[in-house]
Amino acid sequence: PSSDCVMAEQLCLSDSTCNATYRTLENCALAKTRLLSLGHDSRVRCLNAELDLGNSSLLHCKCHRRMKRQEHCLRIFWTVHSSMTDGYFNLEASPYENPANEEHWKTDYNKLAALVSGKNCSQLAGDAANPCLRATHVCNLSKKCFRLRTDYASICTKGAGSEDVCDRRRCHRGLRNFFEKVPEDFTKRILFCPCQDEFCGERRRKTIVPDCSFQYNTKPNCLWLLDSCLEDHICKSRLADFQQNCQPVDMSPGGCSLHNHAACLQAYMGMIGTPMTPNYVSNSSVEVSLWCTCENSGNQKEKCDQILGMFESNKCL
């Protein structure tokens, strides 16, 4: 079984041979972070160091989205797998373990649903036509869901619409906290609530407070957005997870390589609160996109279109 990367690092550092190999890989990863071009000998040394780890737990370790030292864990993963980060379509494996089925989350939601159908009936009487509003009210009945939703909403709405005032980094962190710490039974219902009219659709589109978390005053190039993502361990990890779980395949009956749409939706949620935050593009459809353009991409237009197409025309989504 895959081990926790933080634990695997501790085991490796206690062994002199593994320690030396790991330090070499740290230097390789640092050079890539600083965009230093490695010579042929250095590249070979880095690849050999990765191979030297053999079957060690460090080479096969994974991270958990909800773990306390997530960023540290992800840094370890990309240190060991730095050869996978040369380009977008080389992000071959997700650093995240597949989550276990957390049955108690469903139990929590069922308890709150019972409350909704009971003493809160009058409060929610008008929600039948607006599943997004109902999902929000159910969230409000959970102290954790209400608190973390209020936290990111207050940060993201402060100065929203004015790029100079809106603190996008804090807004993104608040969104990640919400989607990581609140059970998915709540977050999925809020983000993917089914709508029949534009009022409901507008509420769904504004779930992530797009004026701050999603939109810039002008659309940046998608390649710039990708570069920003690859410089951030969390964003790069979520992108690898999204690519693995939402890989469209034309030959597949469902259009998705893994036939696991739930895993794809979870990976999509993981992108929210990163530099490559996606969102719904209108109040009247479930189409999603990144806030970027492929105009003026020069000879990288095809790569840019592929990045945008992973969201705009992805059959898995």
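Please refer to the structure placed before this passage.
Please read all numbers here as calculations on a predicted model, not as lab measurements. Here, residues in each chain are numbered from 1, in the same order as that chain's written sequence. The predicted nature of this model means local features are confined to residues of pLDDT at least 70 and side-chain atom pairs, given and counted, to a pLDDT of 80 or more, with totals for whole chains, interfaces and linings taken over all residues. Note: side-chain values were computed over all heavy atoms of the structure, leaving out hydrogens and water.

Asker: Quick one: what's the story with the packing of helix α1 (residues 5-13) against helix α4 (residues 70-80), residue by residue and with numbers?
Answerer: Helix axes are fitted to C-alpha atoms over the stretch in contact, other axes to C-alpha atoms as well, and angles between N-to-C directions run from 0 to 180 degrees. Under the DSSP-based scheme used, a helix requires at least four consecutive residues in state H or I and a strand at least two consecutive residues in state E, with every element numbered from the N terminus. Where α1 contacts α4, the axes come no closer than 8 Å and their chain directions differ by 60 degrees. The angle between α1 and α4 places the two elements in the oblique class. Every pair of crossing elements has a handedness; the one defined by α1 and α4 is left-handed. Between α1 and α4, the contacting residues are Cys 5, Val 6 and Glu 9 on the first element and His 72, Cys 73, Arg 75, Ile 76 and Phe 77 on the second. Comment on the angle field: the value is read as roughly parallel under 35 degrees, roughly antiparallel over 145, roughly perpendicular from 65 to 115, and oblique elsewhere. Two helices that cross are described as forming a left-handed crossing if the nearer one is turned anticlockwise from the farther one by less than a right angle, and a right-handed crossing if clockwise. In this analysis, two residues are considered to be in contact whenever any of their non-hydrogen atoms come within 4.5 Å of each other.

Asker: Which residues make up the state of the cysteines, and what values go with them?
Answerer: When the sulfur atoms of two cysteines come within 2.5 Å, that pair is taken as a disulfide. Throughout the structure, instances matching the rule amount to 13 disulfides. The disulfide that involves Cys 28 links it to Cys 46, with 2.0 Å between the sulfurs. Taking the torsion about the S-S bond as the criterion, the Cys 28 to Cys 46 disulfide, at about -95 degrees, is left-handed. Remark: Cys 46 occurs in helix α3 (residues 40-52) and Cys 28 occurs in helix α2 (residues 16-33); sequence separation between them is 18 residues. Like Cys 46, Cys 28 is buried. Here's how the labels work: a residue is buried when its accessible area is under 20% of the maximum for its type, exposed when over 50%, partly exposed in between, all with a 1.4 Å probe on protein chains only.

Asker: Describe the side chain of His 81, listing the residues and the values that go with them.
Answerer: Topologically, His 81 is positioned in the loop between α4 and α5 (103-117). By relative accessible area, His 81 is classed as buried at 10%. Distance and chemistry together define a polar contact, namely a pair of N or O atoms within 3.5 Å, with one atom able to donate a hydrogen and the other to accept it when in protein, and with adjacent residues in sequence counting only for side-chain atoms on both sides. Reaching out from His 81, the side chain makes a polar contact with the backbone oxygen of Leu 59 at a distance of 3.3 Å. In contact with His 81, other than residues within four places in its own chain, are Glu 50 and Leu 59.

Asker: Could you give an account of the packing of aromatic side chains, with specific residues and numbers?
Answerer: The geometry of an aromatic ring pair comes down to the distance between the two centres and the angle between the two planes. Put simply, two rings from Phe, Tyr or Trp (the six-membered ring, in Trp's case) pair if the centres are within 6.5 Å, and we call them stacked under 30 degrees between planes, edge-to-face over 60, tilted for the rest. Throughout the structure, instances matching the rule amount to seven aromatic pairs. With 4.5 Å between their ring centres and 5 degrees between their planes, Phe 242 and Phe 311 make a pair best called stacked. Of this pair, Phe 242 sits in helix α13 (residues 233-245) while Phe 311 is found in helix α15 (residues 301-312), placing the two residues 69 residues apart along the sequence. No difference in accessibility class separates Phe 242 from Phe 311, as the two residues are buried. Within the aromatic cluster, the residues linked to one another by ring pairs are Tyr 152, Phe 178 and Phe 179. A ring has a charge above it when a Lys NZ or an Arg CZ is no more than 6 Å from the ring centre and no more than 35 degrees off the ring normal. Above the face of the Tyr 216 ring, Arg 168 is positioned so that its terminal group lies 4.0 Å from the ring centre. Between the NZ or CZ atom of Lys 219 and the centre of the ring of Trp 291, over which it lies, the distance is 4.9 Å.

Asker: Lay out the packing of α4 against α13 with the relevant residues and their values.
Answerer: Across the interface, α4 lies against α13 with an axial gap of 9 Å and an inter-helix angle of 70 degrees. Accordingly, the angle class assigned to the pair α4 and α13 is roughly perpendicular. With respect to the hand of their crossing, α4 and α13 are arranged in left-handed fashion. From α4, Gln 70, Glu 71, Leu 74, Arg 75 and Trp 78 reach across to α13, where they touch His 233, Ile 234, Lys 236, Ser 237, Arg 238 and Ala 240. By the convention adopted, Pro, Cys, Tyr, Trp, Phe, Met, Ile, Leu, Val and Ala count as nonpolar, Lys, Arg, Asp and Glu as charged, and the other residues, Gly among them, as polar. Taken together, the residues of the contact of α4 with α13 break down into four nonpolar, three polar and four charged.

Asker: An account of α13 is requested, with residue identities and associated values reported.
Answerer: Helix span, expected: 1.5 Å multiplied by one less than the number of residues in the helix. Across its 13 residues, α13 extends 18 Å between first and last C-alpha, which sits within 8% of the 18 Å expected from 1.5 Å per residue. Across the 13 residues that make up α13, a large majority, eleven, are buried. Regarding α13, the residues found buried are Ile 234, Cys 235, Lys 236, Ser 237, Arg 238, Leu 239, Ala 240, Asp 241, Phe 242, Gln 243 and Asn 245. The inward-facing, buried residues of α13 abut α4, α8 (168-181), α12 (222-230), α14 (261-271) and α15. For α13, the N-terminal capping position is held by Asp 232, with its side-chain oxygen 3.0 Å away from the main-chain nitrogen of Ile 234.

No statement about biological role is implied by the geometric values presented.
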